[in-house]
Amino acid sequence: MEITILGIESSCDDTSAAVIRDGALLSNVIASQAVHAEYGGVIPELASRAHGQNIVPVVDLALKKAGVAPDEVDGIAVTRGPGLLGSLLVGVSFAKGFAIAQDTPLMEVNHLQGHILAHFVTLPDNPDAPKPGFPFLCLLVSGGNSQIVLVRDYLDMEIIGGTIDDAAGEAFDKCAKIMGLPYPGGPLIDRMAREGDPKAFRFAKPSVGGFDYSFSGLKTSFLYFLRDRVADDPDFIEKHKADLCASLQATIVEILMNKLVKAAKQYDIAEIAVAGGVSANSGLRDAILAAGRKYGWTTYIPPLSLTTDNAAMIAITGYYKYLREEFAGLDMAPAARAAD
Ligand code: KG4
């Protein structure tokens with residue numbers, strides 16, 4: 001029997017709905033919210049309101065594109081958290097309403113687990129793409145998280161390292177803001193870094209133990225470095241933007257890769273994946289491929305369409321939960337933090 005899952009994602013500033021059938025993607029609609037750009041970050045109240053406006057048309061479009069009627073959906077999966085509570089509430093409330101109306105099971109999905117399982121979505125334009133074998137290590141790098149996760153099975157994961165302060169995406173975005181770039185600055189830094197010299201400037205690297213990350217020291221070092229240079233030359237940032245971006249990106253990538261290499265050695269695992277919004281970064285992608293050649297890893301980098309927030313990753317996680325009959329009750333409440 002074919003299993004059709006509708007996935008809903010509304011944890012931050014993207015409203016997304018996707019339909020998958022037996023793990024194969026039929027549609028993945030994402031409505032991004034332009035409203036935050038002028039504020040230099042996501043404004044939670046505005047995000048909730050935009051989700052409220054977008055959720056019904058986005059789901060409607062995802063079902064239409066998939067050629068699936070609401071009563072053909074076998075289960076609905078929704079992001080429970082972590083994320084912005086008001087944003088999550090929109091998706092969760094919608095999913096509950098759908099589950100009641102269509103009398104289908106409801107699956108709650110951890111957003112971070114979703115990012116990792118995005119690797120198992122079968123895409124129509126590349127149906128035979130290889131998928132990670134268990135166990136594998138996943139470097140999960142997004143706007144809110146930087147983790148190394150040991151993935152033993154679809155729903156059996158252990159976080160072996162995390163950030164003790166800022167996430168890698170936050171480091172990109174906050175440093176971009178310091179340079180006067182709009183939010184989110186990560187993709188802009190990536191683009192400008194291509195024209196610059198990654199060795200032009202040096203910034204502080206953290207010394208935290210184990211597989212943990214820290215990025216707040218780098219941000220502070222970047223801020224003080226620029227403050228001193230701009231004091232001497234007000235046009236310093238404008239003149240050196242490409243070199244600043246390239247050097248900053250190289251530092252963030254080096255910090256991420258050092259711990260990943262260490263973890264792969266210690267756990268003796270050569271199946272290495274990367275996930276989350278920052279995995280779109282070209283410097284990080286190149287570094288993972290290079291490390292793969294050097295250490296004999298098989299590497300898995302998701303297609304760009306599945307790196308940033310999307311509901312396809314929520315639907316695939318829901319699919320594995322559906323197969324195991326791990327259903328949520330209608331009293332399920334969203335959780336802003338992963339631990340809640
Ligand atoms: O996974 P995601 O879409 O949202 C979260 O769940 O956090 O990640 C968004 C983050 C932002 O910090 C954004 O700047 C960063 O991913 N990002 C990038 C790139 N594309 C997105 N950072 C660096 N280079 C990129 N190409």
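Here the structure is shown first, and the text comes after it.
What counts as what
- Residues numbered from 1 in each chain as written.
- Predicted model: local features only at pLDDT ≥ 70, side-chain atom pairs only at ≥ 80, totals over all residues.
- Axes fitted to C-alpha atoms, helices over the stretch in contact; angles between N-to-C directions.
- Helix = DSSP H or I, 4+ residues; strand = E, 2+ residues; numbered from the N terminus.
- Left-handed = near helix turned anticlockwise from the far one by under 90°.
- Contact = placed C-beta atoms within 7 Å.
- Nonpolar A, V, L, I, M, F, W, Y, C, P; charged D, E, K, R; others polar.
- Pairing = 2+ DSSP bridges.
- Core = buried A, V, L, I, M, F, W, Y, C linked by C-beta atoms within 7 Å.
- Buried ≥ 20, exposed ≤ 12 C-beta atoms within 10 Å, placed from the backbone.
- Domains from an automatic or database assignment.
- Near = placed C-beta within 6 Å.

Caption draft 1: The packing of helix H7 (residues 236-267) against helix H8 (residues 282-295), seen in detail. Where H7 contacts H8, the two axes come as close as 10 Å, and the packing angle between them is 35°. When the axes of H7 and H8 are compared, the crossing they make is right-handed. Residues Gln249, Ala250, Val253, Leu256, Met257, Val261 and Ala264 of H7 pack against Gly283, Leu284, Ala287, Ala291 and Tyr295 of H8. Tallied by class, residues from the contact of H7 with H8 come to 10 nonpolar, 2 polar and no charged.

Caption draft 2: Local environment of unusual backbone geometry. Cis geometry marks the peptide bond from Phe134 to Pro135, where omega comes out at -10°. In this structure, Pro135 sits in the loop between helix H3 (111-117) and strand S6 (136-141).

Caption draft 3: Main features of the sheet that holds strand S2 (residues 14-21). Across the sheet, 5 strands lie side by side as S3-S2-S1-S4-S5; this open sheet has mixed pairing. Every interior strand has two partners, whereas the edge strands, strand S3 (24-32) and strand S5 (106-110), have only one. The average angle at which neighbouring strand axes cross in this sheet is 20°, direction not considered. In this sheet, S2 lies alongside strand S1 (residues 4-9) in antiparallel orientation, the contact comprising 6 bridges. Within S2, the residue paired with Glu9 across the bridge is Ser16. Along the sheet, helix H9 (residues 312-323) makes contact with S1, S2, S3, strand S4 (75-81) and S5, crossing S1 at roughly 130°.

Caption draft 4: Seen up close, the nonpolar core. By size, the foremost hydrophobic cluster in this structure holds 96 residues, and its most contacted members are Ile20, Ile116, Cys138, Ala312 and Ala315. A total of 12 residues in this core trace back to one element, the largest contributor, which is H7. In this structure, this core is formed jointly by two domains, domain 1 (4-126 + 306-323) and domain 2 (136-302), each of which donates at least three residues. Every residue in contact with Cys138, bar those within four places of it in the chain, is listed here: Ile116, Val149, Val151, Ala273, Val274 and Ala275.

Caption draft 5: Just the site of the ligand, in detail. In the vicinity of the ligand there are 18 residues, among which Ser142, Gly143, Gly169, Gly186 and Gly277 approach most closely. Listed by contribution, the elements that provide at least two residues to the shell around the ligand are helix H4 (168-178) and helix H5 (186-193). For the shell around the ligand, the residue count by class is 6 nonpolar, 9 polar and 3 charged. Structurally, the shell around the ligand is a two-domain feature, drawing no fewer than three residues from each of domain 1 (4-126 + 306-323) and domain 2 (136-302).

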